Amino acid sequence: AQSVTQLGSHVSVSEGALVLLRCNYSSSVPPYLFWYVQYPNQGLQLLLKYTSAATLVKGINGFEAEFKKSETSFHLTKPSAHMSDAAEYFCAVSDAGGYQKVTFGTGTKLQVIP
Amino acid sequence: GAVVSQHPSRVICKSGTSVKIECRSLDFQATTMFWYRQFPKKSLMLMATSNEGSKATYEQGVEKDKFLINHASLTLSTLTVTSAHPEDSSFYICSATSGTNEQYFGPGTRLTVT
């Protein structure tokens, strides 16, 4: 069984400050890991994904995440927050083998303070 | 990237009626489509997995007679909420995959049952 835990349902940062959204995963097999962003009343947009290649993954909009097997973590970071980054962020995991089923975390709402 | 559409984006129906939501992959053939339900301020809950030409596989606790899923072609899956009740009001999101390591999400359908 796979699962992800996102620490902090709400995170507030000042504009220009570092964004750090935490995600820890549990998987019995090598995982694929994802970060998605969701704006109000919209679907999900893929920010980045880890699929067993480079452990530091760069995504869209200046986001990146590092896969740390020893810590079972896949935290999302961005050096400088922008107002447009305010949204809900979901970490997700799937089996590396078939990519059939994705399990989502509970989400972290990012607030950016001007 | 691949595009998945959903129709309608919003629907309001009366209690006891049925409503159909369409999910289309616009520029690729989707061997598998997924249907998710998202409660307010909650994560996505996988409802069912549908493969073209075969019966959908429902997650535990999801009533298959209430949430009818049809995946008649490689570009279209439909979710029909039968005899809708106010507690069925939710945000329904579909995703599609061609078997590669990524799911592409639709923009979601907001269902309100009055």
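Scroll up to find the structure.
Residues numbered from 1 in each chain as written. Chains lettered and ligands numbered in written order. Predicted model: local features only at pLDDT ≥ 70, side-chain atom pairs only at ≥ 80, totals over all residues. Heavy atoms only, no water.

Chemist: So what's going on with the overall build of chain A? Which residues, and what values?
Modeler: Counting its secondary structure elements, chain A contains zero helices and eleven strands. The secondary structure elements of chain A, listed N-terminal to C-terminal, are β-β-β-β-β-β-β-β-β-β-β. For 114 residues, the compact-globule estimate of 2.2 N^0.38 gives 13 Å, and the C-alpha radius of gyration of chain A, at 13 Å, lies within 12% of that figure. Overall, chain A is about 40 × 30 × 20 Å in size when its C-alpha atoms are taken along their principal axes. (Helix = DSSP H or I, 4+ residues; strand = E, 2+ residues; numbered from the N terminus. Rg over C-alpha atoms; globule rule 2.2 N^0.38 Å.)

Chemist: So what's going on with the interface of chain B and chain A? Residues and values would help.
Modeler: Counting residues at the interface gives 21 residues for chain B, matched by 19 residues for chain A. In total, about 1,600 Å² of surface goes out of reach between chain B and chain A, with carbon and sulfur atoms giving 50% of it. Here chain B is connected to chain A by zero salt bridges. On the surface where chain B and chain A come into contact, there are three residue pairs in polar contact (both at pLDDT 80 or more). Of all the elements in the fold, those that place two or more residues in the side of chain B that touches chain A are β4 (32-38), β5 (44-51) and β9 (90-97) of chain B. (Contact = heavy atoms within 4.5 Å. Buried area = accessible area lost by both parts, 1.4 Å probe. Salt bridge = Lys/Arg side-chain N within 4 Å of Asp/Glu carboxyl O. Polar contact = N/O pair within 3.5 Å; in protein donor to acceptor, adjacent residues only side chain to side chain.)

Chemist: Would you mind going over the state of the cysteines in detail, with residue names and values included?
Modeler: Should the sulfur atoms of two cysteines be covalently bonded, the bond is a disulfide. All names here are of chain A. Applying the stated criterion across every chain yields a total of two disulfides over all chains. Between the sulfur of cysteine 23 and that of cysteine 91 lies a disulfide, 1.9 Å long from S to S. What sets the handedness of the cysteine 23 and cysteine 91 disulfide is the S-S torsion sign, and at about -65 degrees it is left-handed. Separated by 68 residues along the polypeptide, cysteine 23 in strand β3 (residues 19-26) and cysteine 91 in strand β9 (residues 87-95) bring together distant segments of the chain. (Disulfide = S-S within 2.5 Å.)

Chemist: Report on the sheet that holds strand β1 (residues 3-7) of chain A, specifying residues and quantitative values.
Modeler: Residues and elements named next belong to chain A. With antiparallel pairing, the five strands of this open sheet are ordered in space as β1-β3-β8-β7-β6. Each of the sheet's edge strands pairs with one partner strand only, and the pair in question is β1 and β6 (56-58). When strand polarity is set aside, the average angle formed by the axes of neighbouring strands in this sheet is 20 degrees. Pairing between β3 and strand β8 (residues 73-78): four bridges, direction antiparallel. Paired with leucine 21 across the strands is leucine 76, a residue of β8. (Pairing = 2+ DSSP bridges. Axes fitted to C-alpha atoms, helices over the stretch in contact; angles between N-to-C directions.)

Chemist: For the pairing of strand β7 (residues 64-68) of chain A, give the residues involved together with the corresponding values.
Modeler: All names here are of chain A. Here β7 shows a clear split, with Ala65 and Phe67 buried on one side and none of Glu64, Glu66 and Lys68 buried on the other. Across three bridges, β6 lies against β7 in antiparallel orientation. When the bridges of β7 are listed, valine 57 appears paired with alanine 65. Between β6 and β7, which pair antiparallel and follow one another directly, the connecting turn spans five residues, one of which, asparagine 61, has a positive phi of 60 degrees. Looking at chain direction, β7 and β8 are connected through five bridges and run antiparallel. Its bridge partner being in β8, glutamate 66 is matched across the sheet by histidine 75. Here β7 folds back onto β8, and the loop between the two strands holds four residues, one of which, threonine 72, carries a positive phi near 45 degrees. (Buried < 20%, exposed > 50% of the residue type's maximum accessible area, 1.4 Å probe, protein only.)

Chemist: Kindly report on the packing of aromatic side chains, identifying the contributing residues and their values.
Modeler: Scanning the model with the defined rule gives 13 aromatic pairs over all chains in all. Three or more aromatic residues joined by ring pairs form one cluster here, namely Phe34, Tyr36, Phe90 and Phe104 of chain A together with Tyr36 and Phe105 of chain B. (Phe/Tyr/Trp six-rings, centres within 6.5 Å; stacked < 30°, edge-to-face > 60°.)

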